[in-house]
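Each chain, letter by letter, is given below.
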Amino acid sequence: MPRELVAVAPGQPVLREYEDGPVPADSVRVQVEFGSPKRGTELTAYYAHDGETFPMGLGNMYVGKIIEIGEEVEGCEIGERVSNHGHLRETHTLPARNVVKMPDQMTWKEAVCYDPAHFAMSAIRDGKVRVGDRVAVFGLGAIGLMTVQMARIAGADFVAAVDPLERRRKVAEKTGAELVIDPADSNTGEVLKEATGGLGVDVAVETSAVYEALDDALRGVAFEGTIVYAGRAKMCTGGLDLGAVAHVNIPNIIFARANSDPNRDHPRWDFKRIFETCWKWLEDGKFDCEDVVDPVVPFEDSVEAYIEMDKHPERSVKLGVAFG
């Protein structure tokens, strides 16, 4: 029988068997080849203490090939490579209308970066990053690393990337950041001011949901600059001093979330336009995703890898899982 990765209780991942039924007439079945979890948002749910949420599928996106087609389905073929949202399991059965087909040139790592690309694009658009702007990105998980690349695409003249994990800073250097900062070893606000001739960055994007990072953003952003809070916020229990510089710098702080419609640019933009644009850009090879998805482990080892991703974030960027 096929298997899937699920949490049976808070913090308890397991591989368990499941049974596939017949393929509905309007659906297709996909044999999964690769997948990836979404560390930040997913781990928040993973540690929930509401027993009604379990068992909970673990994982965010998958890539595979169509192996069965329902009798009413048109426009899909056996063997086509497709991708979609879904947890880590050996097969997925979904309505054919929801299939996202992958072109031949598209890599699986590009496909599983589709979800973080949505939130990166939302952050850059809501932050109104313009040609020539100076930008700092705080938090270099998948969303942060895609935000670094989105800022470059938007025309930023300078991009700084901030994260305490060396592995992630190295990826940021390879994918568009000209300055990387270890906040544990530097006064981030001062470094950003020095790098921008004393002005500070025009836009700071905070993706980590760590309040110390938001505090550093307040200290490193320019007078009347913009801070985009793109991480999934949690209760603040310290690390943030709004009285230190915020009333002097008077920055604009906005919250960004790709799928919170109506969009700030409604009706021209909505979540549908964001995900269609992100997919097209991934198809066109506009992003370097090779080192964003790292490491890649066999599905057999996914329980141990998931625990390590959680307990040792310094050992991974965005975890990839290979099936078969």
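As a reminder, the structure under discussion sits directly above these lines.
As the structure is a prediction and not an experimental result, all values here were calculated from the model.

A.B. asks: Explanation requested: the sheet that holds strand β9 (residues 134-138) in the structure shown.
C.D. replies: Whenever strands of a sheet pair, they do so through backbone hydrogen bonds, lying parallel or antiparallel. Taken in spatial order, the six strands of this open sheet run β11-β10-β9-β12-β13-β14, and their pairing is parallel. Looking along the sheet, the strands with just one partner apiece sit at the ends: β11 (179-181) and β14 (252-255). Here the average twist between neighbouring strands, direction ignored, is 20°. In terms of strand pairing, strand β10 (residues 158-162) meets β11 through three bridges, oriented parallel. Bridged to A161 within β11 is V180.

A.B. asks: When you look at the sheet that holds strand β1 (residues 3-9) in this model, what are you seeing that I'm missing?
C.D. replies: Spatially, β2-β1-β4 is the arrangement adopted by the three strands of the open sheet, whose pairing is antiparallel. The open sheet has two free edges, formed respectively by β2 (12-17) and β4 (56-57), since each of these has just one partner strand. Pairing of β1 with β2 involves six bridges; the strand directions are antiparallel. Pairing of A7 across the sheet is with P13, part of β2. In this fold helix α10 (residues 302-311) packs onto β1 and β2, with an angle of close to 160° to the strand it touches most, β2.

A.B. asks: Help me understand the packing of helix α1 (residues 39-46) against α10, please; the structure alone is not making it clear to me.
C.D. replies: Helix packing for two helices is described by the angle between their axes and how far apart those axes are. Two elements in contact, α1 and α10, have axes whose closest approach is 11 Å; the angle formed by their N-to-C orientations is 100°. Classified by the angle between their axes, α1 and α10 sit roughly perpendicular to one another. Residues R39, E42, L43 and Y46 of α1 touch α10, and the partners they reach there are Y306, M309 and D310. Here the residues of the contact of α1 with α10 sort into four nonpolar, no polar and three charged.

A.B. asks: Please clarify how the pairing of strand β16 (residues 318-322) should be interpreted in this entry.
C.D. replies: Taken residue by residue, a regular strand's side chains alternate between the two faces of the sheet. Counting buried positions along β16 gives four out of five residues, so the element sits mostly inside the fold. Here two bridges tie strand β3 (residues 27-36) to β16, and the two strands are oriented antiparallel to one another. Looking at β16, one finds that F34 is bridged to A322. Pairing of strand β15 (residues 293-298) with β16, which is carried by four bridges, proceeds in the parallel orientation. In the strand pairing of β16, V297 is matched with V321. Handedness of the crossover joining β15 and β16 through α10 is recorded here as right-handed.

A.B. asks: Any chance you could explain the side chain of R29 here in plain terms?
C.D. replies: Mapped onto the fold, R29 is located in strand β3. Judged by relative accessible area, which is 7%, R29 ranks as buried. There is a polar contact of 2.8 Å between the side chain of R29 and the side chain of T93. Dropping the residues within four chain positions of it, R29 is found in contact with D20, G21, P22, V23, K65, I66, I67, E68, T91, H92 and T93.

A.B. asks: Please explain the nonpolar core as it appears in this structure.
C.D. replies: Generally speaking, a soluble globular protein has its nonpolar side chains buried in company with each other. Among the nonpolar cores identified, the biggest contains 50 residues, and M146, M150, W279 and L282 are the most heavily contacted of them. The residues contacting L282, other than those within four sequence positions of it, are M106, E110, C113, Y114, M146, F287 and C289. Formed by 28 residues, the second largest nonpolar core is a distinct cluster that contains L5, V28, M56 and V321.

A.B. asks: Is there a simple way to think about the pattern of salt bridges in this case?
C.D. replies: A side chain of one charge can pair with a side chain of the opposite charge when the charged atoms of the two come close. One pass over the structure, following the stated rule, counts 23 salt bridges. Residues R16 and E4 are paired through a salt bridge, measuring 2.8 Å at the closest nitrogen-oxygen approach. A residue pair is termed long-range when its members are at least 10 positions apart, and R16 in strand β2 and E4 in strand β1 qualify at 12 residues. Accessibility expressed as a relative area gives 5% for E4, which makes it buried. A salt bridge links D265 to R268, with the nearest nitrogen and oxygen atoms 3.7 Å apart. On the basis of relative accessible area, D265 is assigned to the buried category, the value being 12%. Salt bridges sharing common partners tie together R125, K128, D265 and R268.

A.B. asks: Which parts of the structure should I look at to understand the packing of helix α6 (residues 188-195) against helix α7 (residues 211-220)?
C.D. replies: As a packed pair, α6 and α7 sit with axes 8 Å apart at the nearest point and diverge in direction by 30°. As for how α6 packs across α7, the hand of that crossing is right-handed. Mapping the contact onto sequence places T188, G189, L192 and K193 in α6 and D216, R219 and G220 in α7.

What counts as what
- Residues numbered from 1 in each chain as written.
- Predicted model: local features only at pLDDT ≥ 70, side-chain atom pairs only at ≥ 80, totals over all residues.
- Heavy atoms only, no water.
- Pairing = 2+ DSSP bridges.
- Helix = DSSP H or I, 4+ residues; strand = E, 2+ residues; numbered from the N terminus.
- Axes fitted to C-alpha atoms, helices over the stretch in contact; angles between N-to-C directions.
- Contact = heavy atoms within 4.5 Å.
- Parallel < 35°, antiparallel > 145°, perpendicular 65-115°, else oblique.
- Nonpolar A, V, L, I, M, F, W, Y, C, P; charged D, E, K, R; others polar.
- Buried < 20%, exposed > 50% of the residue type's maximum accessible area, 1.4 Å probe, protein only.
- Right-handed = clockwise from strand over helix to strand, strands pointing away.
- Polar contact = N/O pair within 3.5 Å; in protein donor to acceptor, adjacent residues only side chain to side chain.
- Core = buried A, V, L, I, M, F, W, Y, C linked by side-chain atoms within 4.5 Å.
- Salt bridge = Lys/Arg side-chain N within 4 Å of Asp/Glu carboxyl O.
- Left-handed = near helix turned anticlockwise from the far one by under 90°.

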